[in-house]
Amino acid sequence: MTLDLFSDIDAAEREEIIALRKELEEANYKYYVLNMPTLSDRAFDEKMRRLQDLEKAHPELADKNSPTQHVGSDLAVSSKQSAVSGKGFEQVVHRYPMLSLANSYSLEEIQDWLRKLPSDVEIVCELKFDGLSISLWYENGLLTKAVTRGDGQKGDNVIENIRTIEAIPQRLEGVPAHFEMRGEVLLPWSNFERLNKEREEQEEPLFANPRNAASGTLKLLDSQEVKRRGLTCYLYYMLGEELPGETHFERLETARKWGFPISDAVKVCKSLDEVNAYISYWDTERKNLPVATDGIVLKVNNLRQQEELGYTAKTPRWAIAYKFPAERQLTRLKQITYQVGRTGVITPVANLEPIQLSGTVVQRATLHNEDFIRSLDLREGDMVWVEKGGEIIPKITGKGEGAKGERLEAKGKQVPFSFITTCPECGTPLVRVEGEAAWRCPNESGCKPQIVGKIEHFVSRKAMNIDGLGAETIELFYANGLLHTIADIYDLRKDDIALLERLGDKSAENILAGIEASKQVPWSRVLFALGIRMVGETTAKKIAKRFASIDALKAASKEELMGIDDVGEQIAENIVAYLQDERNLEIIRRLGEAGVQLKGENGAWKVESDKLAGKTIVISGTFAQHSRDEYKDMIEVHGGKNSGSVSKKTSFILAGENMGPEKRKKAEELGVPLMSEEEFLDLLF
Ligand code: IVH
């Protein structure tokens, strides 16, 4: 009987070990490779610790592939990733493995760790930067490689992208012949917010936090775009043979003198009190820093003592990280309501009992989409945990549960959640496009928030920039039957406007002047203003550069559109669908009649030769002599066509360095020839 009971426990624990290993592997993959974390750091750490404890209690179940035995992998060309991005970087084996840090959320554990160290120990306290680790290799004073952590043993060489970071020196004098500097690549808060704003405008998925944004950015193949996003870096570790200094702190100071970006917050502490003071100071002060931090790193200063302490399989014993608890609060989810966006996307919104979080009152948080609500099994009346995601946007991270997992304060109110099936604004049955998480209201031309939203977008500053037409005025015109589509704007008459409540002669004149001026807005901005799904400002500029008029764009095929940088299959399909819709064509016709610019300033392309006439060319990889955009232009002005995907119709591939493996495979299968940069330039000039 007793034996049976024990084996039951063992079986349960064995199952738990297997389940935790699977869950943590998956979480690592989503965090490091997809840059879309699904578990909070804290939940991840708690599960990892539980797995460590279970494995300790069951040495017979040890497995060297367990996530407790290796660090998470961000390799771009691991077997998992190649299917995801198809991108390739040179893989480099680390000269010294890139380890992780033991971490804890408990100050007591940190103090225990400190107490176990030799009594004369000095501790260097540093900020724990929340980006991604990088190893910079210097050979004879030159920066030669920049390798990501990868799986800890080998990483991706992302040197071209690292070269865009101004703070990183590329050439040094009077330094050891071979050494490495390790540190953290970060996207400052301000750049992160700007990037997410752009992505929102383009209806691209937002980055959850600056760490994910930095990681996504570092893996881009387009260094120009990396530069534009504006990464930065702090370095915190020097590695190599015969390096100067006997302490970690001395080495950091030396690195600072050589010109490396070393944080000013590094401090040598000689007592527990000093360490505690450091932690409590930075717990609040970090909120004023331009970059994200998620804790404090404590390192033994003396390098000899570090050596004596040594390493475990994953972490040094001479360092530990204290992680700041994320600011979170439990509150009641009073009601789930729904918002309709300008493209008809339905966003569920959590209406919360108001709570104080990081100095602001929070009463609403996005619930993203149906899958998100289901994954947490949220119901109206539940108690939920609310966190400041990356400390700005409040987000719901989990459900508050009682000791036995029961719903807190159920009050018999909760019914299983079901997503609405009709539009909350116009009652039209919702549709869910296959492969997309969002439900949409398809009633584009009859659903008020979509109509008003499209007009608001059209008149906005970066689009047609029509002064005087704010959200309220647009609603007023809509309610009075004056505005229904963007084309109606150009039919507004002074008398109609002046008659409306609150709008006198003067306002009417201003609005009409704004409308008149908008007729000079260039074609690229008009294209953006049309509000085609996922066609943001930058994409519109690129499209307008390739297709000099709306007529040329109408004639473009999906494949031709995909030949434009930034235009993937989804965007290309959206453009084609938009330009096939009779209602849109009618709107465009009326805009044209009103005098809105529907073609480029220079009209058609300047043709230089017909050397590429009849040729369809795909560009792939990176180039030494010209940018991809310049090559695209060259193809057009010499009579060729750009295309984004390899097919039977492809005449040849202009192949640069690191050509995408998918394209290479397809080219081999179809027998499409590759042409090098030099060969291409020889052909044209
Ligand atoms: S030292 C062998 N110092 O935290 C020790 N790491 O969770 C190497 N990190 O992989 C790491 N700030 O990416 C160190 N001041 C700091 C850090 C830091 C951030 C990151 C680093 C590391 C991770 C471990």
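Residues numbered from 1 in each chain as written. Predicted model: local features only at pLDDT ≥ 70, side-chain atom pairs only at ≥ 80, totals over all residues. Heavy atoms only, no water.

Caption draft 1: Spatial organisation of helix H18 (residues 537-546). Taken as a whole, H18 has its buried residues at Thr 539, Ala 540, Ile 543, Ala 544 and Arg 546. Take H18 and look down its axis: the buried residues cluster within an arc of 160°, on one side only. At its buried positions, H18 is contacted by helix H17 (523-529), helix H19 (550-555), helix H21 (569-578), helix H23 (628-637) and strand S20 (641-643). (Buried < 20%, exposed > 50% of the residue type's maximum accessible area, 1.4 Å probe, protein only. Helix = DSSP H or I, 4+ residues; strand = E, 2+ residues; numbered from the N terminus. Arc of directions from axis to C-beta. Contact = heavy atoms within 4.5 Å.)

Caption draft 2: Seen up close, the pairing of strand S5 (residues 142-148). With six bridges joining them, strand S4 (residues 132-139) and S5 adopt antiparallel strand pairing. Bridged to Ser 135 within S5 is Val 147. In sequence, S4 turns back onto S5 through a hairpin of two residues, with Asn 140 there showing a positive phi of about 50°. (Pairing = 2+ DSSP bridges.)

Caption draft 3: Geometry of the site of the ligand. In the neighbourhood of the ligand, 13 residues make up the surrounding shell, with Glu 126, Phe 129, Glu 184, Tyr 236 and Lys 299 lying closest. In this structure, Glu 126 approaches the ligand through a side-chain N or O atom, which is 2.8 Å from a nitrogen atom. Contacts to the ligand include Lys 128, whose side-chain N or O atom sits 3.2 Å from an oxygen atom. Look at the ligand: alone it shows 530 Å² of surface, and the protein chains cover 91% of it. When contributions to the shell around the ligand are tallied by element, the ones reaching two or more residues are strand S3 (123-129) and strand S10 (293-300). A per-class count over the shell around the ligand returns seven nonpolar, one polar and five charged. (Near = heavy atom within 4 Å. Polar contact = N/O pair within 3.5 Å; in protein donor to acceptor, adjacent residues only side chain to side chain. Areas by Shrake-Rupley, 256 points an atom, 1.4 Å probe, with all protein chains shown as cover. Nonpolar A, V, L, I, M, F, W, Y, C, P; charged D, E, K, R; others polar.)

Caption draft 4: Local environment of the sheet that holds strand S21 (residues 652-655). Reading across the sheet, the four strands line up as S20-S19-S21-S22 and stay open at both edges, with parallel pairing between neighbours. The open sheet has two edge strands, S20 and strand S22 (674-675), and neither has a second partner. Bridge count for S21 against S22 is two bridges, and the pairing is parallel. Each residue of the ladder has a partner; that of Ile 653, found in S22, is Leu 674. Against the sheet, helix H24 (residues 661-670) engages strand S19 (616-620), S21 and S22, with an angle of about 145° to S19. (Axes fitted to C-alpha atoms, helices over the stretch in contact; angles between N-to-C directions.)

Caption draft 5: Examining the sheet that holds strand S9 (residues 267-269) more closely. The mixed open sheet is built from five strands, whose spatial order is S2-S11-S10-S3-S9. At either margin of the open sheet sits one strand with a lone partner, and together these are strand S2 (103-104) and S9. By the bridge criterion, two bridges tie S2 to strand S11 (residues 319-323) in an arrangement that is parallel. Across the sheet, Asn 103 pairs through a bridge with Ala 321, a residue of S11. Set on the sheet, helix H4 (residues 107-115) makes contact with S2, S3, S10 and S11; between it and S11 the angle comes to about 165°. The strands touched by helix H9 (residues 248-258) within the sheet are S3, S9 and S10, with S3 carrying the most contacts at an inclination of about 55°.

Caption draft 6: Representation of the packing of H4 against helix H10 (residues 272-285) within the structure. Running from N to C, H4 and H10 point in directions that differ by 145°, and their axes come no closer than 11 Å. The two elements H4 and H10 cross, and the hand of that crossing is right-handed. For the pair formed by H4 and H10, the contact residues are Leu 107, Gln 111, Leu 114 and Arg 115 on the first element and Leu 272, Val 275, Asn 276 and Ile 279 on the second. By residue class, the composition of the contact of H4 with H10 is five nonpolar, two polar and one charged. (Left-handed = near helix turned anticlockwise from the far one by under 90°.)

Caption draft 7: Examining the confidence of the model for the protein chain more closely. Per-chain confidence: the protein chain averages 87 in pLDDT, with 91% of residues scoring 70 or above. Every residue in residues 1-7 is under pLDDT 50, and counting partners more than four places away or in other chains gives zero contacts. A low-confidence stretch, residues 77-87 stays under pLDDT 50, and its non-local contacts, those more than four residues away or across chains, total 19 contacts. (pLDDT = per-residue confidence, 0-100.)

Caption draft 8: Region of interest: the pattern of salt bridges. For the coordinates displayed, the defined rule picks out 45 salt bridges. Across the pair Asp 264 and Arg 256 runs a salt bridge, and its minimum N-O distance is 3.2 Å. Arg 256 gets classed as partly exposed once you look at its relative accessible area, which sits at 27%. Among the salt bridges present, the one from Arg 546 reaches Asp 633, with a minimum N-O distance of 3.1 Å. (Salt bridge = Lys/Arg side-chain N within 4 Å of Asp/Glu carboxyl O.)

Caption draft 9: Main features of the environment of His 248. Tracing the backbone shows His 248 in helix H9. Sequence spacing of His 248 and Met 238 is ten residues, and the spatial spacing of their C-alpha atoms is 8.1 Å. Once residues within four sequence positions are removed from consideration, His 248 is found in contact with Val 124, Glu 126, Tyr 236, Tyr 237, Lys 299, Val 300, Asn 301, Leu 303 and Gln 306. One polar contact links His 248 to Glu 126, side chain to side chain, over a distance of 2.7 Å.

Caption draft 10: Spotlight on helix H14 (residues 471-479). Along H14, the residues that are buried comprise Thr 473, Ile 474, Leu 476 and Phe 477. Down the axis of H14, the buried side of the element spans an arc of 160°, and every buried residue falls inside it. Opposite its buried face, H14 presents the exposed residues Glu 472 and Ala 479, each directed more than 90 degrees away. Gly 481 lies just past H14 and shows a positive phi near 75°.

Caption draft 11: Just the packing of aromatic side chains, in detail. Scanning the entire structure with this criterion turns up 18 aromatic pairs. Centre to centre, the rings of Tyr 278 and Trp 282 are 6.4 Å apart; their planes meet at 50°, and the pair counts as tilted. A residue pair is termed a helical-turn pair when its members lie 3 or 4 positions apart in one helix, as Tyr 278 and Trp 282 do in helix H10 at four residues. One exposure class covers both Tyr 278 and Trp 282, and it is buried. Members of the aromatic cluster, connected to one another through ring pairs, are Tyr 138, Phe 179, Trp 258 and Phe 260. Between Arg 95 and the ring centre of Trp 137, over which it is positioned, the NZ or CZ distance is 4.0 Å. Over the aromatic face of Trp 385 sits the side chain of Arg 328, whose NZ or CZ is 3.8 Å from the ring centroid. (Phe/Tyr/Trp six-rings, centres within 6.5 Å; stacked < 30°, edge-to-face > 60°. Lys NZ or Arg CZ within 6 Å of the ring centre and 35° of its normal.)

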